[in-house]
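Residues per chain are reported as follows:
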Amino acid sequence: MSRFWQQFQSIASAYRQQKIVGKLNWLFYFLMALIVANTLIVLVSLYVVYDRNRTLSELNGFVTQVGQVEVSQLRFRLAHKREDALNARYALNRAQAIFLALPKGVFDESGKGESVKMLMATLDGRFNEYLLYQEQASALENSMRKIGDELLYSAQKLRASSSRDSLSDVRAQLVHAVLDAIVVEQEFALERDMSLSARMAQSVKSISANSSRLRTQSPDVEAQIEAYSIGQQALLLDGAFVKLRDYTKMKMYNEKGMSSAAREILQRASEVVNRQRASISALLFIVVISVLTASSLIVAIGFLFGRRFVHKLTSSLSSLVLMSRRITHGDYSQHSLPDSADEFGELASSFNDMARTVENQIQALRESEQRVSQRTSELEIANESLAQSKAAAEA
């Protein structure tokens, strides 16, 4: 700090020793350096603001695409439309492309770059697994729907061909169990309630028991055949239901993983977005402060130097005007005292030299006039003496 102060004092001393032109040059160079430095600061800050704003726009696009993945996946889960799956895949690909195109270190500033990269890979893997299990589940649902239609047809046929006998209750229980199994299959496809597994198992058990009784006790061969067919179809439905339940569990597991990964990505992306916005605000604040500081310095330096320059100019000129008036009235004793080594001091010294020269010349003229007067008096006295001597001689 002391070294800096010494350097400042040496610069100030060198500045004070300069003349007006030198001081004006120093002031000009200083103001130009200040303007150039402030311009560079503003340009660099604005460029960084532009770059950060572009990164912020890309981050907002990244957040939008990740959110679109969640929305499209939810729509696909509810409606099973291929268009929604394609939209989710497109949004995920766009999010990955934007993430890879982001400037290096955007996420790494918080130490979360690698984790976001892993979350993106997790989201992609979970989505691929989800689509795989969804395809298998859709195939199973179609197969179960066909089995259910066949069961319903067989049950209706069995009920239509039945007559009032001791096995009527068995037939009714069998038809009821078939209808219940079909309802369970449809409810599970809509609600994905795992507790329906017990109800399906109970319905299949009831179908197997009643179809077995009909097959062994019914005297009608056609009823025996239908009962056997219903029993086999119920076993197929139960096996397909077990697989569908497993696929649904895996789908739900992947859905949970996708949602968790998407939430983590959105949370960390939001942190980066907030940090980028804060950085842009800070840079804009620096620009404003820099412009205000430079403007204030320019105005303050111009005001102080101009005021001092005008004061010095007016005071020096006033002193010289007063001195010239006194010289005009014949007073050469008053001199202007130079108070600086600049042009005003040189002007005052030159004016003093001129006044001394004029005073000396006037003094010399006065002395010469006195000598001429004295010589004239001496000549007059000599002439008078000569005239008297001549008159005496003539007499």
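Look a little higher up for the structure.
The model shown is predicted, which means the values in this text are computed figures rather than measured ones.

Novice: Give me the lowdown on the overall build of the protein, citing residues and values where you can.
Specialist: The helix and strand inventory of the protein stands at eight helices and zero strands. Reading the protein from its N end, one meets helices and strands in the order α-α-α-α-α-α-α-α. Considering the protein as a whole, with its 395 residues, one finds that 31% of them fall into the buried category. Excluding contacts between residues fewer than 6 apart, the proportion of contacts in the protein whose partners are at least 24 apart in sequence is 78%. Summed over its atoms, the accessible surface of the protein is roughly 24800 Å², and 58% of this surface lies on carbon and sulfur atoms.

Novice: Hey, could you go over empty space enclosed by the protein for me, with residue numbers and the actual values?
Specialist: What the rule picks out here adds up to one cavity of 30 Å³ or more. Approximately 50 Å³ is the volume found for the largest cavity. Lining of the largest cavity is provided by Val66, Val69, Glu70, Gln73, Leu123, Glu255, Met258, Ser259 and Ala262. For the lining of the largest cavity, the secondary-structure elements that each account for two or more residues are helix H2 (20-79) and helix H7 (221-328). Each residue belonging to the lining of the largest cavity can be placed in one class, and the counts come to five nonpolar, two polar and two charged.

Novice: A description of the nonpolar core should follow, citing residues and the corresponding values.
Specialist: One finds Leu59, Phe62, Val66, Phe107 and Ile265 to be the most contacted residues of the largest nonpolar core, which totals 33 residues. For this core, the secondary structure elements donating two or more residues are H2, helix H3 (82-101), helix H4 (113-160) and H7. A total of ten residues in this core trace back to one element, the largest contributor, which is H7. Residues in contact with Val66, not counting those within four places in the same chain, are Ala95, Ala262, Ile265 and Leu266. In terms of nonpolar packing, the next biggest core, distinct from the first, is built from 30 residues, Met144, Ala155, Ile182 and Ala234 among them.

Each value, and the rule that gives it
- Residues numbered from 1 in each chain as written.
- Predicted model: local features only at pLDDT ≥ 70, side-chain atom pairs only at ≥ 80, totals over all residues.
- Heavy atoms only, no water.
- Helix = DSSP H or I, 4+ residues; strand = E, 2+ residues; numbered from the N terminus.
- Buried < 20%, exposed > 50% of the residue type's maximum accessible area, 1.4 Å probe, protein only.
- Contact = heavy atoms within 4.5 Å.
- Areas by Shrake-Rupley, 256 points an atom, 1.4 Å probe, with all protein chains shown as cover.
- 1 Å grid on protein atoms, 1.4 Å probe; cavity = no way out; pocket = protein on both sides within 12 Å on 5 of 7 lines; lining within 4 Å.
- Points joined across faces, edges and corners; volume = space filled by probe spheres on them.
- Nonpolar A, V, L, I, M, F, W, Y, C, P; charged D, E, K, R; others polar.
- Core = buried A, V, L, I, M, F, W, Y, C linked by side-chain atoms within 4.5 Å.

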